[in-house]
Every structure is written in structure tokens, then in C-alpha cells.
Amino acid sequence: MAREKTIYPFVEGLTTGDTYAVLGNAQKFKTHKHAWKVWRALKECGCLVYPVAEDLKRIDGSKVYPSVAELQDKVTVIVPCLLPEMLTSLVTEASMAGASKIWFQEQTWSETFQKECEELGIQVFRGCVLRHKLYPPMSLRYLNPCYWHGLKDLKVPSKRYLRY
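Residues numbered from 1 in each chain as written. Predicted model: local features only at pLDDT ≥ 70, side-chain atom pairs only at ≥ 80, totals over all residues. Heavy atoms only, no water.

1. Focus: the overall build of the protein chain
Working step 1: Helix and strand counts for the protein chain come out as 5 helices and 11 strands.
Working step 2: Counting every position in the protein chain, which comprises 164 residues, the buried fraction comes to 46%.
Working step 3: Of all intrachain contacts in the protein chain linking residues separated by at least 6 positions in sequence, the fraction that spans at least 24 positions is 56%.
Working step 4: Carbon and sulfur atoms make up 53% of the accessible area of the protein chain, which amounts to about 9500 Å² in all. (Helix = DSSP H or I, 4+ residues; strand = E, 2+ residues; numbered from the N terminus. Buried < 20%, exposed > 50% of the residue type's maximum accessible area, 1.4 Å probe, protein only. Contact = heavy atoms within 4.5 Å. Areas by Shrake-Rupley, 256 points an atom, 1.4 Å probe, with all protein chains shown as cover.)

Right, here's the structure in full:
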């Protein structure tokens, strides 16, 4: 008998039931920087998540989409992991793809994005995805700054540690 997938909340308005697109570039994904970590963390939490980078074809066996437009009507949340100056048309592209939420990571939010989102009716969330990941017991979580920053945030267990 198959069990139903358990939906966990991240922040008010975002859950593991949403579908995500993580925006990065080849460097941010290949060198296991923030975009790769966010993509992996969401994936480990049981989310349906798509990596997006125009200069990359595949990462860890998964197809990488060249743009958000390729994911039209497939994602509800865009997670940018690039600096604002590299994301000039982010809000417009998110709106055209049918995304209703943008989860800005540290240093990716700007007032301009905020105003554009308000004009187009896109919900804005701010804060690091990694703050919500539940790290397994006896790990090096005390050395992870996102663990400390999100000490009181809702945590989502990795699907590796859940028994379905």
C-alpha cells in the first residue's frame, strides 16, 4: 500500500508540496556552491525541483533547463541564487512562466524586485533555504552557519531519514 506524501511547511506560504526552480549558473552548480546546495536540499526534502542555468546541460544526472520559460506552468516557486545584477528580467520571466512566488536567498533580493513583484502579484519570501533543512543527528550541523541562523525556523527532514 502506497502512503501519501507528507507535506512539510518551510515558511508561511511555502511547503514541500510546491514545485521549485533553482536559478544559478554553471559555476554555482558545478562547484557545489549555493545553487547546488539549495537544489540538493530541496530535492532531499522531497520537493519537485528543477535546476535552471543557461550554460549547463546536466548536473548529477539531472537535466538542467536553460531558462525559466522552459518550465512554463510547471513551477510555483522560483529560487534565485545569483546576484540581482545577473537577474534583470527575473520577475517578468517568473510571471510569464506561471510562478506565483519567489524565494529570495541572501543577497539576491532588491527593492526593485520587491516593487516588480508587488505590481505583478507575486509573493515574495526572503531567507536561506538551507535554514529549513533538518540535519541528521551527530552531524557537523553546529559548524553550519545556516543551521545557526535558522535555529528557531521550521525544519524539514531529509527524505533519506524518513520512513515511508
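2. Description of helix 2 (residues 34-44)
Working step 1: For helix 2, the full list of buried residues reads Ala35, Trp36, Val38, Trp39, Ala41, Leu42 and Glu44.
Working step 2: Positive backbone phi, approximately 90 degrees, marks Gly46, located one or two places after helix 2.

3. Thoughts on the layout of surface pockets
Working step 1: Taken as a whole, the largest pocket spans an internal volume of roughly 330 Å³.
Working step 2: Lining the largest pocket are 18 residues, with Glu54, Leu82, Met86, Leu87 and Glu93 positioned closest to its centre.
Working step 3: Ranked by the residues each element gives to the lining of the largest pocket, the list is headed by helix 3 (residues 90-97), at 3 residues.
Working step 4: A class-by-class count of the residues in the lining of the largest pocket yields 10 nonpolar, 5 polar and 3 charged. (1 Å grid on protein atoms, 1.4 Å probe; cavity = no way out; pocket = protein on both sides within 12 Å on 5 of 7 lines; lining within 4 Å. Points joined across faces, edges and corners; volume = space filled by probe spheres on them. Nonpolar A, V, L, I, M, F, W, Y, C, P; charged D, E, K, R; others polar.)

4. Digging into the confidence of the model for the protein chain
Detailed reading of the predicted coordinates is not advisable wherever pLDDT is low.
Working step 1: Mean pLDDT over the protein chain stands at 84; residues scoring 70 or higher make up 79%.
Working step 2: In the model of the protein chain, helix 5 (residues 145-149) stands out as the element of lowest mean pLDDT, 55, in contrast to strand 7 (residues 77-80), which has the highest, 97. (pLDDT = per-residue confidence, 0-100.)

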